[in-house]
Structures are given as structure tokens and as C-alpha cells.
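Listed below, chain by chain, are the residues.
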Amino acid sequence: MDPHMFKLPDGKYADGSWELTIYITDLQVERVLRVTGDIHIGGIMLRLVETFADVTMDWSDHAMWWPDKNTWLLRTNSTLDQCHVMADSKLWFTPMHKTLRVQLPDMQLLDLPVSFSSMVFNAVQDLCKDLGIRHPEELSFLRRPQEKSLLKPNGKDTIRKKRGDRDRDSMASSNSADLASTGSLDGIAPHSPTPFNKSRSGTNTPGTPGSNSSFPGQNGTAVSIYSTGSSYSDGSCEGLNMSLTNSPQVPTREALDGLVRPKTFREKAIINKGWLDSSKSLMEQGLRENDTLMLRYKYFSFYDLDPKQDAVRINQIYEQAKWGLLTEEIDCTEEEMVMFAALQVS
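Residues numbered from 1 in each chain as written. Predicted model: local features only at pLDDT ≥ 70, side-chain atom pairs only at ≥ 80, totals over all residues. Heavy atoms only, no water.

Caption draft 1: Examining the overall build of the chain more closely. From N to C terminus, the chain includes 7 helices and 13 strands. Considering the chain as a whole, with its 346 residues, one finds that 45% of them fall into the buried category. Taking the intrachain contacts of the chain between residues at least 6 apart in sequence as the baseline, contacts between residues at least 24 apart amount to 59%. Total accessible area computed for the chain in this model is approximately 18,300 Å², and 52% of it derives from carbon and sulfur atoms. (Helix = DSSP H or I, 4+ residues; strand = E, 2+ residues; numbered from the N terminus. Buried < 20%, exposed > 50% of the residue type's maximum accessible area, 1.4 Å probe, protein only. Contact = heavy atoms within 4.5 Å. Areas by Shrake-Rupley, 256 points an atom, 1.4 Å probe, with all protein chains shown as cover.)

The structure is reproduced here in C-alpha cells:
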């Protein structure tokens, strides 16, 4: 007799199984599987995918997310009992790579596929590899500070949290073939970047606000660039590197609206409180698909700067320092500002 079987009062035998509810974010449907506690996570994923035999889709980037515990179930050889998954648990089967809107130090906005299951340190490392930035350990993700209108006018110099930004109980579905979310569940309209097309050619008009171009990253990853004052001849890595090396003089209106000029040390502390924990994933820190984060240099100790290899890196360092001066986030004298401005002229 199966050790999981036991006799009920009516004479029938029970196998100790129970129903597990799994929500598939891509298809926006739920599946109920009958499982036992000794089934491992990988087996659950396999059985779940087999229920969609009529759906042609690549499931290789998907993993289990447990919303109630705010954690990924990435150890596929662990059983449900080892993960403490019970009958009342509800899991999500969702892609690990989702679209994240990243603001670079030069204020350009890019829609990029980023791993939401890896530690932030590893996610930044992969992102910098796509952008051609060496020594990614110098950078990290910073939550975007609120707009100037969210500063309380009563003189207390505190920043209000935008209503509805956090504590979402659903996420946007992600398609590994497209950057933009289709059928977002989080109540926020997803961005719709133009997909990269190798046969596409054309030049954007310089100085046009919000010009939208798509280029592949250095690993063949398609990215969408929202920039101003940029001109590209084709969808190539050279065009992407050129846009990151020669930043637009005038950022987009969206980027400018997100600037906050801190007036007190308290406000600066509130902004710096937004640095993400490098040892946790984006999902574990409340980030969802199509959210916006700022990629910034966190440690101002730059190693092995080489003009031949670090054109993008040097430009991004300069741009971050420039906007730090313009927003008065960095304290300096007038003479130091004039000296810094002379670097741009030279």
C-alpha cells in the first residue's frame, strides 16, 4: 500500500493530495493542480506546462513566484513541503525577465528586459554588459524620487509617497518576444516601444522631443531608447553606443519632470534612502514590470578609466555629475562649477 494512503471513516482511502492554485501571468488564467507535498517545484512546472499543450510558447524563462511570501521559488529540486507551500497558497508562473524602464545618468530613458529574479547586483551587471559599461560594481539602481509637486508646501521638506505606487496585488504579464507588456494587470498602461527591425532604416529628426528608436544591445537584446536631440541612421550597436557616448543636450519632458532639487539634508537623505538592496531581487523589493528606476553611480571611486574603452562610461559619469550640480544635489563652490563647465567646452 502506498505510504501516502490512509483509510477514511467511510472505508475509502485518501492519498494525502491537495489542490494547488497557480496563476499564469502571460495567459492571465489560473490552473488548479492536484499535488502532494513531496512533489518538487520542477515537477509542478512540468505538469503545468503540459496542460498548455495547444499553446506554442517558450516557457524556459518562467519560474514560480509566491506573492504572499514575496519570494521566488527558484530551487526546482526542492519539494513543496520544503518550501512550506500549503493548500491555501497561490503561486504565480511568470517570466523572470521583464521590461524595466531605466533612466541612465545622462537622463535618457530606456525600456530594457531585466531579470526580476536575480539579485540587483547581478541584474545591474547584465544590464551594463548590454550597454557596454565596464566595472558595473560601481553602479546600482535608485528609486526615482517624486516630482516637485509632491514636496509638502508647509515647509517641513518631506516627500509624500505617490498614491498607488506600491502594494500592488497583481503584476503585468510579460512576453519574452516583446519588450512591452501586453495585457498589463497592474492598472498602469504599459509602454509600447517600437520593436527592433533589422530592415528598418531612417533618421529621426534631431531635437524632436520623445523620439523613439530601437537598437539591439551588445548581446543581441533589443532595447528601446526614448531620447531627445539624437539622430540615428540605422538600428545598430554603433547607433546605441553613439547615443550613450554623446548624450542629448535637452532631456525629454518626462525626465525633466522627475527631477527633484533637494533643499535640506533631510531631503537628500530621503532620496538616498531609495537605493535598492543589492542582495535582493527587484520583485522582492516591490518592483513590477514597466516600473522606472534610475541607474546611477553609487561609489565614486572609479577604477581603470580608459578613454579608448570607456567612452560610454566616462560620458555617463560626467553627465551624472553635471545633473548633480544643476539640481544642487552636490555641494560645491562657484569656482568649482566654472571649472567643471570648462571640461564640457574643452
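Caption draft 2: Focus on the pairing of strand S13 (residues 292-297). Burial within S13 is extensive, with 5 of its 6 residues counted as buried. Where strand S8 (residues 97-103) meets S13, 3 bridges bridge the pair, whose relative direction is parallel. If you follow Arg-101 over to S13, its bridge partner there is Thr-292. (Pairing = 2+ DSSP bridges.)

Caption draft 3: Quick look at helix H1 (residues 41-50). Regarding H1, the residues found buried are Ile-41, Gly-43, Ile-44, Met-45 and Leu-48. Residues of H1 that are buried in the fold lie against strand S3 (18-24), strand S4 (29-35), strand S5 (62-66), strand S6 (71-73) and strand S7 (90-95).

Caption draft 4: Expanded view of the environment of Leu-20. Note that Leu-20 resides in strand S3. For Leu-20, a relative accessible area of 0% puts it in the buried group. For the pair formed by Leu-20 and Val-32, sequence separation is 12 residues and the distance between their alpha carbons is 5.5 Å. Excluding residues within four positions of it along the chain, Leu-20 makes contact with Arg-31, Val-32, Leu-33, Val-35, Ile-44, Leu-80, Val-85, Met-86, Ser-89 and Leu-91.

Caption draft 5: The arrangement of the nonpolar core in detail. With 32 residues, the main nonpolar core has Leu-100, Val-102, Phe-116, Leu-131, Phe-141, Leu-282 and Leu-295 as its most contacted residues. Within the residue set of this core, elements represented by two or more residues are S5, S8, strand S9 (109-115), helix H2 (120-131), strand S10 (139-143), S13 and helix H6 (311-326). Ranked by the residues each element gives to this core, the list is headed by H2, at 6 residues. In contact with Phe-141, other than residues within four places in its own chain, are Leu-100, Val-102, Val-120, Val-124, Leu-127, Gly-274, Trp-275, Leu-276, Leu-282, Leu-293, Met-294 and Leu-295. (Core = buried A, V, L, I, M, F, W, Y, C linked by side-chain atoms within 4.5 Å.)

Caption draft 6: Focus on the side chain of Ser-117. Among the structural elements, Ser-117 can be located in the loop between S9 and H2. Polar contacts involving the side chain of Ser-117 include one to the side chain of Ser-115, which spans 3.4 Å. Setting aside its immediate chain neighbours within four residues, Ser-117 contacts Trp-72, Leu-74, Met-96 and Ser-281. (Polar contact = N/O pair within 3.5 Å; in protein donor to acceptor, adjacent residues only side chain to side chain.)

Caption draft 7: Representation of the pattern of salt bridges. Taken as a whole and judged by the stated rule, the model has 13 salt bridges. In this structure, Arg-101 and Asp-111 form a salt bridge, with 3.2 Å as the shortest nitrogen-oxygen distance. Here Arg-101 is found in strand S8, whereas its partner Asp-111 is found in strand S9, with 10 residues between them in sequence. Of the residues examined, Asp-111 reaches a relative accessible area of 0% and is grouped as buried. The closest approach of N and O atoms between Arg-134 and Asp-304, which form a salt bridge, is 3.2 Å. With Arg-134 in the loop between H2 and S10 and Asp-304 in the loop between S13 and H6, this residue pair connects regions lying 170 residues apart in the sequence. (Salt bridge = Lys/Arg side-chain N within 4 Å of Asp/Glu carboxyl O.)

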